[in-house]
Every structure is written in C-alpha cells, then in structure tokens.
Amino acid sequence: MPTIKDVARRAGVSVTAASYALNHTGTISEETRQRVLQAAEELNYHPNAFARHLKARRSRTIGVFITRFAGAFYEEILDGIHEVILATEYELIVCPETRVERRIFTHRQVDGAIVFDTSIPDEQILRLAGPKFPIVVMDRQLEAEHVFPLLLDNRQGVAQAFAHLYRQGLRHLAYVAGAPDSFDNNERMQAFLNEAARHQLSVRVYPGNFTEQSGYAAAQRIIAEGDLPEGVFCANDQMAIGFMRAMREHGLEAPRDIAVVGCDDILLARYVQPPLSTIGASRRAWGGTAAKWLMSYLEHEEVFPPQRIPTTFIARASSLKHPETLE
C-alpha cells in the first residue's frame, strides 16, 4: 500500500509539501500541488482519513448504540437519525447490544453518541460524557452536564389510554409489564397505576419482557386464574398481540371478553384482528431530534432545553368494548 512518502518521492517534493497538497493546506505553488495530486493518482494513494481525524482529535463520526436493529420500532428511529446525518459531513457507526460499544467509547472513535441500550450502565455514560464527547440518551432520565435525555412523553399517551377504558365503564383492569430495566416500561406502568389510584381503582400487574411470547404467557396466566379483567394495558404492541393470540386459543375475543391496549403503534398493530388500540409517537422524529441535538452541540455547543416527544392514544377495535359510551 503506497504511503505519503512514496507520493512525495514520485513528485520530487518533501513529505511536508506532499501533505500540504493532499490536505489543501499550507503555502505551496499550484504547480507543486498538481504534481503531488498527479503522483497520488498514479500510485492509487488515498489519505488515511482515520489517522488525519485522530491528529485533529475529531473523527467526524457519530456512534449510535442501540439494543437491536430488527423491528419497525428501532428501524424508524435509525431512519430518523440517518436522515439528519446524511445532510452533514459526519459518518455514522451503529452498534447493537454487544461489547463493541465499550471499545469505541474507550478509544474515542466517535465524536459523540446516541444511546438507546440499557446494557450500557449509567456510570459508564457519566464517566465518558464531557465537553468533547456529548451523549444523547433515549432510554433513561440521566441528569448531568454533557448528557442530554430525549424521552417519550409516556404519561400523556397512557393517561389518554386509561381515560378511554374508564369512559367505557371498565373498572377491573390489568397491566402487562415490559422489561423491568426499561425506563419506558416503568414510566408507563407508573402512569397507568397513578391514573387508576386517582379513580380509586386497583390494578393487577403481570410480568413481561416486551416480547410477543411474554404477552402470550401473561394471558395464559390470567385465563388460568379464572378472574378475567375487563381491560388490559400491555407495555408494548408485541405483548398485546401475544396476549390476543392466547385469548383466541381459549375461545375469547377482544374486546368482547377483554379490551386490549398496546403501546408503540408498530405497523402490524393496524393489521392484526381485531386492529390493536395503541399509543403512538413519531419514532422517526424522535431519532431525528436526537441527531439534531448532538450535531448542534458538536458544531455550535448549542444545548437544547429539555423536552419530550409527544405521544397520543389511537383507538381501534381491540378496546372498543362499549363504543356508545365514547360518543
């Protein structure tokens, strides 16, 4: 592989002059610059971008650390981030839930990070964040300088979903929880339980982990207990879909036997039978806003005031048990 020394030798100039020509810096004649560029082309020489950025202490690369790539939920977030980065000169590195993020964080191969991965502990984020390494977090409420939380307004959508069930006269309710280490799950559950307490209602809580199978298992347990709730809120759509699958296997229907509500408004939610009531937010806007925040800080040290991504309840057939009460 040719080096800059090879280019300088072929062009008959010093290494410093070759560097000036290739990086469009320094004071050299146009004739010398062209001679160096011609030599580089003949040798098929390409500057080592990583080394150049390392010397400047900037990689012009953004790191996105996300739990997984699969599924519409994460795909839309990544699309929003990618769309913003495409309009800049920055590159993007996306890492799933692996040990890779430790190496990239430690060696500063990125200028800043967007984190949506609960396997990265708070302590590590707090230790790494700094004026030269800002971090936007999308999965935790972490208050620290150079750490910027950008979260969903879970309470808004959940309050609307609870009101939808309550207005239909449903009082015997259950909640199927997501992963216990999930910030969004804990906020959604607390918001739902707070709304219930405000109306002097108690809610049974069943464990889950955001997978369709865990929603299915929760429904099997509820059905086995024999005391069916009138309405169930699942912390995400996959669990709600699994919950309704178990209901069908036992000859039960939503909303006739149990009104079912999910969260996230994944594409499949509108196509399952019955179509699933859910809480939606623009995941593309969520990812895009995270990228804009990070870029604004890196380029201008601009800090945005705290804000939440709006959520809204979307009523579909799965929870319309008594639609006449909503008119």
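What this report covers is the structure whose coordinates are included nearby. (Residues numbered from 1 in each chain as written. Predicted model: local features only at pLDDT ≥ 70, side-chain atom pairs only at ≥ 80, totals over all residues. Heavy atoms only, no water.)

1. Brief notes about the overall build of the protein chain
Basically, it comes down to this: Numbering of helices and strands starts at the N terminus; helices are DSSP runs of H or I of at least 4 residues and strands are runs of E of at least 2. Buried, partly exposed and exposed residues are distinguished by accessible area as a fraction of the type maximum, computed with a 1.4 Å probe on protein chains only: under 20%, between the cut-offs, and over 50%, respectively. In what follows, residue pairs with any heavy atoms lying within 4.5 Å of each other are defined as contacts. For the area figures, the Shrake-Rupley method with a 1.4 Å probe applies, and any residue is considered shielded solely by the protein chains shown.
Counting its regular elements, the protein chain contains 12 helices and 13 strands. Per-residue burial for the protein chain yields a buried fraction of 48% across its 327 residues. Sequence separation of at least 24 residues holds for 66% of the intrachain contacts in the protein chain that already meet a minimum separation of 6. Working note: accessible area of the protein chain is about 16100 Å², and carbon and sulfur atoms make up 53% of it.

2. A word on the environment of Q200
Looking at where Q200 falls in the secondary structure, it is placed in the loop between α9 (183-198) and β8 (203-206). Sequence spacing of Q200 and R171 is 29 residues, and the spatial spacing of their C-alpha atoms is 9.6 Å.

3. What about the pairing of β8?
Stated precisely, the cut-off is as follows: Strands pair, by our definition, only if DSSP identifies at least two bridges between them. Place the viewer so that the strands point away; then a crossover is right-handed whenever the path from the first strand over the helix to the second strand goes clockwise.
The pairing of strand β7 (residues 173-176) with β8 spans four bridges and is classified as parallel. When the sheet's bridge partners are listed, L173 is paired in β8 with V203. With respect to chirality, the unit in which β7 leads through α9 into the neighbouring parallel β8 is right-handed.

4. Things to note about the packing of helix α10 (residues 212-225) against helix α11 (residues 237-249)
Note the cut-off: Interaxial angle, 0 to 180 degrees, is taken between N-to-C directions of lines fitted to C-alpha atoms, where a helix line uses only the stretch in contact. Oblique is the label for any angle not covered by the other classes, which are roughly parallel (under 35 degrees), roughly antiparallel (over 145) and roughly perpendicular (65 to 115). We call a crossing left-handed when the near helix sits turned anticlockwise from the far one by less than a right angle, and right-handed when that turn is clockwise. Note that Gly is not counted as nonpolar here; it falls among the polar residues with everything else outside the nonpolar set of Ala, Val, Leu, Ile, Met, Phe, Trp, Tyr, Cys and Pro and the charged set of Asp, Glu, Lys and Arg.
At a closest axis distance of 6 Å, the pairing of α10 and α11 adopts a crossing angle of 45°. For the element pair α10 / α11, the angle class is oblique. Here α10 and α11 pass one another in a crossing that is right-handed. Only Q238, M239, I241, G242, F243, R245, A246, M247 and E249 of α11 make contact with α10, whose side of the interface consists of E212, Q213, S214, G215, Y216, A218, A219, Q220, I222 and I223. Here the contact of α10 with α11 is composed, by residue class, of 10 nonpolar, six polar and three charged.

5. A few points about the side chain of D111
Put simply, the rule reads: Here a polar contact is taken to be a pair of N or O atoms separated by no more than 3.5 Å, where protein atoms must pair a possible hydrogen donor with a possible acceptor and residues adjacent in sequence count only if both atoms sit in side chains.
Relative to the elements of secondary structure, D111 occurs in the loop between α6 (100-107) and β3 (112-116). A distance of 2.6 Å separates a polar side-chain atom of D111 from the backbone nitrogen of R60.

6. Considerations on the pairing of strand β9 (residues 231-234)
Burial of the side chains of β9 extends over both faces: G231 and F233 are buried on one face and V232 and C234 on the other. Two elements, β7 and β9, share four bridges in a ladder whose sense is parallel. When the sheet's bridge partners are listed, L173 is paired in β9 with G231. The β-α-β motif built from β9, the intervening α11 and the parallel element strand β10 (residues 259-261) has right-handed crossover chirality.

7. As for the sheet that holds strand β5 (residues 147-149)
Picture the strands of a sheet paired through backbone hydrogen bonds; they go either parallel or antiparallel. As summarised here, the arrangement of the five strands in space is β2-β1-β3-β4-β5, forming an open sheet in which the pairing is parallel. Where the open sheet ends on each side, the last strands, each with one partner, are β2 (91-95) and β5. Adjacent strand axes in the sheet meet at a mean angle of 20°, parallel and antiparallel pairs treated alike.

8. Digging into the pattern of salt bridges
What counts, and what does not: The rule for a salt bridge is simple: a side-chain nitrogen of Lys or Arg has to be within 4 Å of a carboxyl oxygen of Asp or Glu.
Taken as a whole, this structure holds 22 salt bridges when the rule is applied. Across the pair R283 and E76 runs a salt bridge whose closest N-O atoms are separated by 3.4 Å. Highlighted residues: R283 in helix α12 (residues 283-300) and E76 in helix α5 (residues 72-86), separated in sequence by 207 residues. Here R256 and E253 are joined by a salt bridge, their closest N and O atoms 3.7 Å apart. One network of salt bridges, in which partners are shared, links R60, E89 and E299.

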